[in-house]
Amino acid sequence: MERYKLLKNEATADIALIAYGKNLNELFRNITIAVSNIMVLNSEMTGNKKINFSIHSKSLDLLVIDFINKIVFYKDYKNILITDSKIQIDEKLNLRCQATGEDLADLKDKFLVDVKAATLHDLDIKKEKGLIKCKVVLDV
Amino acid sequence: MEIREIRNSLKEIDKNTWESKKAGNVPIKIYANKNILKNMEGEVFNQAANAASLPGILKYSYLFSDAHIGYGVPVGWAGAFDMEEGIISPGAIGFDINCGMRLIKTNLTLKEVKPKIKELVDILFKMVPAGVGSNSSQSLPNLKNLGKPSLKEIAEEGIDWALRNSYATKKDKERTEEKGSIKSADFSKVSEDAFKRGKQQLGTLGSGNHYLEIQVINKDFNREIANALDLDIIKEQVVVMFHTGSRGFGHQIASDYIKKFLDYSSRQDITLKDKQLAYAPFNSKEGQDYFKAMSCGINFAFVNRQIITYQIREAFKKIFKRNENDLGLDVVYDVSHNTAKLEEYDIENKKTKVIVHRKGATRSFGPGNKELTGVLKQIGQPVIVGGSMETGSYLCIGTKKAEEDSFGTTLHGSGRTMSRVAARSAINPDKLLESMKTKGIYVKANSLTGLTEEGGSAYKDINEVVNSMDEAGISRKVLSLKPIGNIKG
């Protein structure tokens, strides 16, 4: 199963992607990896920074947006890019994330593009053949 | 209304000016020549129709020749809303609040700058941090870790803060849209997260389509206006143009309030055609809170561009070993793209204040407008149109017709034709660099991938896009500008 794919013919000025997961925990982990890979070349990551956070949202749509915006927040505020995560989501949409990341200063030569926000535009989460698919457009 | 139905209903009511059937509360008005219109993405019409359905929208949902798919509304869109019946929507403004362009003139000629272009671009690349994670501490130790009281002043005062702290001159203020300071700003409406994201980012360019360019005047179309702005083609005069906005500060404000407005929609049982277009009535508490927070984003972006201007002046002084007066680094103008502002227009022979949303669109005030002062009062407001880094840019001027026809709004750039993901595979970075070298453009970029996403072929033809608006009389061409040095985030 591929973790995610970038969509060529959508979001002219931004980046649209579909992330996949057998369950929500895996889906959100794959979203983490997708967002990170959009921003930097994913080779030689050490994952030497640890960040734990929890969020709660009223709907699954908003949980996706809040989660990506949290990754963006740590990048801008703590100068840490979250590159991987271990996710636990309960039935009440409480998400606990144990993330690993890198200091931005160590990624200087690997940057591709900056993700600045997650948008609600065309946001779509559906289950097909046992797989959860989430389409989201990122503002870059 | 279906996309095909909108397309089929379009009638050319004036040169390069098309009107659709009512597509919600109002029709769509499009400024474009036939070729641009034919190639406009279908989804653009759908998004413009969604905007046309918003409450209190007046006259039209406007699309300009640079329009392309956005989120919520297209980029290259504008709409004016009634202050009583109308709404305010972050999705119709954009995340990067007051993303905008600044043009700075120099007294230097191509002959003087060309031999030093590499040195100049390299020092600017150091002094104006660009790219992912760029922050003020890399170049301006005084701005490192700004405290909340300072950020409050910046957000509420805009350029007046920069003036007090010797980062700006009175003329800089005079030559900035809204004189660089929106009075409706209230920092208490800005979240802690926005403060935390913004406090390290003043004086930074960012990434994506943000850039800084050294350019030379290429062609003039209205020498009288060019000269009134102290620009002269005969001298092969060099100018500096850059594009950036309110960085993480503005993005966080937009993200925060989209969520608040979704809550509002849910409480009020509002069905949204696109959740990204969540809104609140302008006069509601929620609407006013966002307006005040968004105004902070506008001021932050003005100061961001002002700090970058300060750094540009320092860089030129170092390279050319001449003083500031001698170098003549004066701001020609600073325009905003992503804003919602209160402006007054004649509607049915009555002076009416409306809330004009512009997303990827530029204000285009004509001569005599009461907002303009000095020489601009005679010639109109400069409109800076950023093109791709390969094809050059334009300086245009606002018109009375724009004030009458499009709520004083025109285009903002070339407009994309290709997604970023598609550009990554369609444009070869080595060939792009080679092509730019052949054209005499020295480039310094943080990311080659980022560079390919901004290649000329990912954009519409700037000449056609600008000519469309010129022929429609919404903004008039003054000069075309050709890059000789480029910094990309």
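Counting from 1, residues in each chain are numbered in the order their sequence is written. Chains and ligands are labelled by the order in which they are written, letters from A for the one and numbers from 1 for the other. Per-residue local features of the predicted model are confined to residues with pLDDT of at least 70, and side-chain atom pairs are confined, for both listing and counting, to 80 or more; whole-chain, interface and lining totals are unaffected and use all residues.

K.L.:
When you look at the overall build of chain A in this model, what are you seeing that I'm missing?
P.N.:
Check the secondary structure of chain A and you find two helices and seven strands. To get the radius of gyration, use the C-alpha atoms; to get the globule rule, take the number of residues to the power 0.38 and multiply by 2.2 Å. Here the C-alpha radius of gyration of chain A, 14 Å, is about what a compact globule of 140 residues would show, namely 14 Å. Principal axes of the C-alpha set define a box for chain A whose edges measure 40 × 35 × 25 Å. Of all 140 residues assigned to chain A, the portion counted as buried reaches 49%. A residue pair is marked as a contact if its C-beta atoms, positioned from the backbone, fall within 7 Å. At a minimum sequence separation of 6, the contacts of chain A that also span at least 24 residues come to 63%. Helix and strand definitions follow DSSP, with helices as H or I runs of at least four residues and strands as E runs of at least two, each counted in order from the N terminus. Exposure criterion: with C-beta atoms placed from backbone coordinates, a residue whose C-beta has 20 or more other C-beta atoms within 10 Å is buried, one with 12 or fewer is exposed, and one in between is partly exposed.

K.L.:
When you look at helix H1 (residues 24-39) of chain A in this model, what are you seeing that I'm missing?
P.N.:
Side chains that are three or four residues apart share a direction in an α-helix, a result of its 3.6 residues per turn. Residue and element names in this part refer to chain A. Every helix has an expected span of 1.5 Å times one less than the residues it contains. Here H1 is 16 residues long and its end C-alpha atoms lie 23 Å apart, about the 22 Å a rise of 1.5 Å per residue gives. Of all 16 residues in H1, twelve are buried; the element is thus mostly enclosed. Taken together, the buried positions of H1 are Leu24, Leu27, Phe28, Arg29, Asn30, Ile31, Thr32, Ala34, Val35, Ser36, Ile38 and Met39. Here the buried face of H1 lies against strand E1 (4-7), strand E2 (15-21), helix H2 (60-78), strand E4 (80-89), strand E5 (94-103) and strand E7 (131-139).

K.L.:
Mind showing me how you'd approach unusual backbone geometry here?
P.N.:
As a rule of thumb, non-glycine residues mostly have phi less than zero, and peptide bonds are mostly trans rather than cis. Residue and element names in this part refer to chain B. With phi around 65 degrees, Lys59 is a residue other than glycine that occupies positive phi space. Examined against the element boundaries, Lys59 turns out to sit in strand E4 (residues 57-68). Notably, Asp230 is not glycine yet its phi reads approximately 65 degrees, a positive angle. The residue Asp230 is located in the loop between helix H10 (223-228) and strand E9 (237-244) in this model. Given 13 C-beta atoms within a 10 Å radius, Asp230 is considered partly exposed.

K.L.:
What should I look at first to understand the sheet that holds strand E3 (residues 49-56) of chain A in this one?
P.N.:
Strands belonging to one sheet form pairs held by backbone hydrogen bonds; the direction of such a pair is parallel or antiparallel. All names here are of chain A. When DSSP finds at least two bridges between two strands, those strands are taken to pair. Strand order in this open sheet of three strands is E3-E5-E4, and the pairing throughout is antiparallel. Whereas interior strands pair on both sides, the edge strands pair on one side only; in this sheet they are E3 and E4. Along the sheet, successive strands turn relative to each other by an average axial angle of 25 degrees, direction set aside. Relative to E5, E3 runs antiparallel, the two sharing eight bridges. Paired with Asn52 across the bridge in E5 is Gln98. Lines fitted to C-alpha atoms define the axes, with helix axes restricted to the stretch in contact, and inter-axis angles between N-to-C directions lie between 0 and 180 degrees. Relative to E4, H1 is tilted by about 170 degrees, and along the sheet it contacts E4 and E5. Packed on one face of the sheet, H2 meets E3, E4 and E5 and runs near 145 degrees to E4.

K.L.:
Even after reading the chapter, I still don't get the interface of chain A and chain B, so can you show me in this structure?
P.N.:
Buried accessible area, meaning the area lost when the parts come together, often serves as the stated size of an interface. Each side of the interface is counted separately: chain A has 30 residues, and chain B has 35 residues. Among the elements of the structure, E1, H2, strand E6 (117-128) and E7 of chain A are those that each provide at least two residues to the side of chain A that touches chain B. For the side of chain A that touches chain B, a count of residues per class yields 16 nonpolar, six polar and eight charged. Asp, Glu, Lys and Arg are counted as charged, while Ala, Val, Leu, Ile, Met, Phe, Trp, Tyr, Cys and Pro are counted as nonpolar; the rest, among them Gly, fall into the polar class.

K.L.:
Could you clarify how one ought to interpret the nonpolar core in this entry?
P.N.:
For soluble globular proteins, the rule of thumb is that nonpolar side chains tend to be buried together. If you look at the biggest cluster of nonpolar residues, it comprises 205 residues, and the most contacted ones within it are Ile31, Met39 and Val64 of chain A together with Ile28, Trp77 and Ile253 of chain B. With 16 residues, helix H12 (residues 285-320) of chain B is the single largest residue contributor to this core. Contacts of Ile31 of chain A, omitting those with residues within four sequence positions, involve Ala19, Val64, Phe67, Ile68 and Cys134 of chain A. Take the buried Ala, Val, Leu, Ile, Met, Phe, Trp, Tyr and Cys residues, join any whose C-beta atoms are within 7 Å, and the set you get is a nonpolar core.

K.L.:
Looking at this structure, I do not really get helix H3 (residues 42-52) of chain B. What am I missing?
P.N.:
All names here are of chain B. Within H3, eight of the eleven residues are buried, which leaves it mostly tucked inside the rest of the structure. Of the positions making up H3, those classed as buried are Val44, Phe45, Gln47, Ala48, Ala49, Asn50, Ala51 and Ala52. Tucked inside the fold, the buried residues of H3 contact helix H1 (3-9), strand E3 (27-31), E4 and strand E5 (75-82).

K.L.:
Would you mind showing me how to read the pairing of strand E7 (residues 100-109) of chain B here?
P.N.:
Two faces belong to every sheet, and in a regular strand the side chains alternate between them. All names here are of chain B. Within E7, eight of the ten residues are buried, leaving the element largely enclosed by the surrounding structure. Relative to E9, E7 runs antiparallel, the two sharing seven bridges. Within the sheet, the bridge partner assigned to Thr109 lies in E9 and is Gln237. Pairing between E7 and strand E11 (residues 331-336): five bridges, direction antiparallel.

K.L.:
Looking at this model, I keep getting lost on the sheet that holds strand E13 (residues 350-359) of chain B. Mind explaining?
P.N.:
Residues and elements named next belong to chain B. Across the sheet, which stays open at both edges, the seven strands sit in the order E1-E2-E3-E4-E5-E13-E12 with mixed pairing between neighbours. Of all strands in the sheet, those bounded by a partner on one side alone are strand E1 (11-14) and strand E12 (339-347). In this sheet, adjacent strand axes meet at a mean angle of 30 degrees when their direction is disregarded. Relative to E3, strand E2 (residues 17-22) is paired through four bridges, and the arrangement is antiparallel. Looking at the pairing, Glu19 lines up with Lys29 of E3. Contacting E1, E2, E3 and E4, helix H19 (residues 462-472) runs over the sheet at an angle of about 140 degrees to E4.

K.L.:
Explanation requested: the confidence of the model for chain B in the structure shown.
P.N.:
Any segment with low pLDDT has predicted coordinates that should not be analysed in fine detail. Per-residue confidence for chain B gives a mean pLDDT of 94, with 100% of residues at or over 70. Interface scoring of the predicted complex returns ipTM 0.91; its pTM is 0.96. By definition, pLDDT measures how confident the predictor is in each residue, and it falls between 0 and 100.

K.L.:
What should I look at first to understand the pairing of strand E15 (residues 382-385) of chain B in this one?
P.N.:
Residue and element names in this part refer to chain B. Of the two faces of E15, the one lined by Pro382 and Ile384 and the one lined by Val383 and Val385 are each fully buried. As defined by bridge partners, E15 adjoins strand E16 (residues 393-398) across four bridges and the pair is classed as antiparallel. Paired with Pro382 across the strands is Ile397, a residue of E16.

K.L.:
Looking at this model, I keep getting lost on the packing of helix H5 (residues 117-127) of chain B against H12 of chain B. Mind explaining?
P.N.:
Each pair of packed helices gets described by two things: the angle between the helix axes and the distance between those axes. Residues and elements named next belong to chain B. Look at H5 against H12: their axes get within 10 Å of each other, and the N-to-C directions meet at 140 degrees. Judged by the angle between their axes, H5 and H12 are oblique. The hand of the H5/H12 crossing is right-handed. Between H5 and H12, the residues in contact are Glu119, Leu120, Ile123, Leu124 and Met127 and Gln311, Ile312, Glu314, Ala315, Lys318 and Ile319, respectively. Grouping the amino acids of the contact of H5 with H12 by side-chain chemistry returns seven nonpolar, one polar and three charged. Roughly parallel refers to an angle under 35 degrees, roughly antiparallel to one over 145, roughly perpendicular to one between 65 and 115, and oblique to any angle outside these ranges. Two helices cross in a left-handed way if the nearer one is turned anticlockwise from the farther one by less than a right angle. They cross in a right-handed way if the turn is clockwise.

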